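Geometric and topological summary
Listed below are the residues making up each chain.
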Amino acid sequence: MLNQYQDILTAEDVSEILMIGMNRTYSLLNSGMIKGFRIGKKWRIPRDAVREYILCQSRLPAHS
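A brief report on the enclosed structure follows. (Residues numbered from 1 in each chain as written. Predicted model: local features only at pLDDT ≥ 70, side-chain atom pairs only at ≥ 80, totals over all residues. Heavy atoms only, no water.)

In this section: the sheet that holds strand β2 (residues 37-39). The three strands are arranged β1-β3-β2 in an open sheet whose pairing can be described as antiparallel. The open sheet is flanked by β1 (8-9) and β2, the only strands paired with a single partner. Alignment of β1 against strand β3 (residues 42-46), held across two bridges, turns out to be antiparallel. For Leu-9, the partnering residue across the bridge sits in β3 and is Ile-45. Sheet strands touched by helix α3 (residues 47-58): β1 and β3. Its angle to β3, the strand with the most contacts, is close to 70 degrees. (Pairing = 2+ DSSP bridges. Helix = DSSP H or I, 4+ residues; strand = E, 2+ residues; numbered from the N terminus. Contact = heavy atoms within 4.5 Å. Axes fitted to C-alpha atoms, helices over the stretch in contact; angles between N-to-C directions.)

Now the structure itself:
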């Protein structure tokens, strides 16, 4: 599912992937639950950080 996205995602991409609102997305980013970085005012999130968050929330073992 995540393979259709670029290696570096936007907050909008994360919101779409997780099917959550933008406010929740920004909350997850600001809290560090999803690792990302800012360039100016825009968030950039590694695709693997979203995968890691999903696995952590699902409590499934990580697979490469």
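After that view of the structure, there is still more to cover.
On to the pattern of salt bridges, then. For the coordinates displayed, the defined rule picks out two salt bridges. The partner of Asp-7 in a salt bridge is Arg-47, with the nearest N and O atoms 2.9 Å apart. Here Asp-7 is found in the segment before β1, whereas its partner Arg-47 is found in helix α3, with 40 residues between them in sequence. Owing to a relative accessible area of 51%, Asp-7 belongs among the exposed residues under this scheme. Asp-48 is paired through a salt bridge with Arg-51; the nearest N and O atoms lie 2.7 Å apart. (Salt bridge = Lys/Arg side-chain N within 4 Å of Asp/Glu carboxyl O. Buried < 20%, exposed > 50% of the residue type's maximum accessible area, 1.4 Å probe, protein only.)

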